[in-house]
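Coordinate inspection notes
So you can see what is in the structure, the chains are spelled out below.
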Amino acid sequence: MTTSVLLYTMRCNIACAHCSVNSGPDRSGAMDHDTALALVDGLAAQPQIRFIDISGGEPMLHPDEIEAIIRRVKSHGKGIRLTSNGFWASTPKRAEAMLRRLKQAGLDSVGLSLDKWHLEFLPANLARHFIDACRLVGFPPLVSCVLRGSAAEAASGNGAPLELRSLLDYYGLAGERATDLNSWGDHMESLDEVARTDFLKETIAERLLVNWQFLTGEGRAAARLRSEIASTPLSETPMTPCPVAGRMPTIDHAGRLFPCCAPWVNYTNRAYAKVTGATVGRAVAEMEQRPALRVIRQWGPKRLMLELLARGHSFPQQNSGICNLCGHMLKSVDLDTLDAAAEAVLGAEAVSSQTPPTLQCN
């Protein structure tokens, strides 16, 4: 566990068709600011949490509060990251001013969400303003993209999808040295301190970090983008573990604790706890050990769904990946039922691992 997520608000100034957490102008409410600071204190007291990510919704609808949270996180010596749609980067001057403000507060990293669905609401030139301002201020330019496609394509190992290259071209970013964020991070970890500093400087000056994922059938996309979601029968879906389940503790604006940032937060009655700064550490530790999350981490949600099917539950026959599998289960199965099925899986796997191989005689 290295990262915790604060969804400071689920409200957003735009309502993109693909949004997996149903953010939009019609959502209301933000974290009580004192509660948010107390949660930061509680999370920062956990040695296994190195970074706190601020997301939503659109957190920069509350710039003063976000700046104060950044300063609080840094006072604890933890890393702090932010994801935004960049509506505030409407001109080069405004983009630079906002990023300088966040940098001075102590922000370590900021990512810009961009994709074809944002273009209905926000102009493409925001991305250029954002990237140029990142280079001036000293942030590694980072964009996060959602694409049409399938998990099978992601597993093929054929490099960046064509749609990603087309998307960057549409935003006027085709000339940038696009670098996969995960590969970049792995390379950074392999370097000594001096080489890491030099590579970071080169990244800020010359590279564009790109983090991308495929469209999932969760949130607003389930209704608005049915024809664009690539789906697969359960029988053809790989048994893919989800390493973040329970290890990316996510807290929404109402203080509800979830094991990941999506799609779990759409199901408020499936929260693991209502937390405060004083209780969040213990709640996170208890959530991580829940049987359902242990199964999802080790074998993936498909393994848990198969056990539930064997127990008489029914689910849609098609899915768009592991997030969508969790969404299918959360729609109809409560946490206790998930855990009961998971206990059976854990028991069966324990027996299987202890069964000696059968002697084969020729």
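Located above this text is the structure these notes cover.
Quantities reported herein were computed from a predicted structural model and do not represent experimental measurements.

A separate point is the packing of aromatic side chains. Going through the model one piece at a time under the given rule, you end up with four aromatic pairs. Ring centres of Trp212 and Phe214 lie 5.2 Å apart, and the angle between their planes is 75°; on these two criteria the pair is classed as edge-to-face. Aromatic side chains Trp264 and Tyr272 sit 5.9 Å apart centroid to centroid with 35° between the ring planes, which places their arrangement in the tilted category. An identical accessibility class is assigned to Trp264 and Tyr272; each is buried. Here the guanidinium or amino end of Arg81 rests over the ring plane of Phe51, the centre of that ring lying 4.2 Å away. Stacked on the ring of Phe139, the Lys or Arg Lys103 has its end atom at 4.7 Å from the ring centre.

So, about the sheet that holds strand β1 (residues 3–9). Reading across from one edge, β6-β7-β5-β4-β3-β2-β1-β9-β10-β11 is the order of the 10 strands in this open sheet, with mixed pairing throughout. Looking at which strands have only one partner, the edges of the open sheet turn out to be β6 (177–180) and β11 (273–274). One ladder, built from six bridges, connects strand β5 (residues 142–147) with strand β7 (residues 207–214); its direction is parallel. Across the sheet, residue Val143 finds its bridge partner in β7, namely Val210. Strand contacts of helix α2 (residues 63–75): β1, β2 (51–56) and β3 (79–84), with the helix running at about 155° to β3, the strand carrying the most contacts.

Before going further, it helps to examine helix α3 (residues 92–105). With 14 residues, α3 ought to run about 20 Å at 1.5 Å a step, and its terminal C-alpha atoms sit 20 Å apart, in line with that. Here α3 has its buried residues at Ala95, Met98, Leu99, Leu102 and Ala105. Down the axis of α3, the smallest arc covering the buried residues is 120°, so these residues share one side. In α3, the exposed positions angled more than 90 degrees off the buried face are occupied by Pro92, Lys93 and Gln104. Where the residues of α3 are buried, they touch α2, β3, β4 (109–113) and α4 (125–137). Of the residues one or two after α3, Gly106 is the one with positive phi, at around 120°.

The rules we used
- Residues numbered from 1 in each chain as written.
- Predicted model: local features only at pLDDT ≥ 70, side-chain atom pairs only at ≥ 80, totals over all residues.
- Heavy atoms only, no water.
- Phe/Tyr/Trp six-rings, centres within 6.5 Å; stacked < 30°, edge-to-face > 60°.
- Buried < 20%, exposed > 50% of the residue type's maximum accessible area, 1.4 Å probe, protein only.
- Lys NZ or Arg CZ within 6 Å of the ring centre and 35° of its normal.
- Pairing = 2+ DSSP bridges.
- Helix = DSSP H or I, 4+ residues; strand = E, 2+ residues; numbered from the N terminus.
- Contact = heavy atoms within 4.5 Å.
- Axes fitted to C-alpha atoms, helices over the stretch in contact; angles between N-to-C directions.
- Expected span 1.5 Å × (residues − 1).
- Arc of directions from axis to C-beta.

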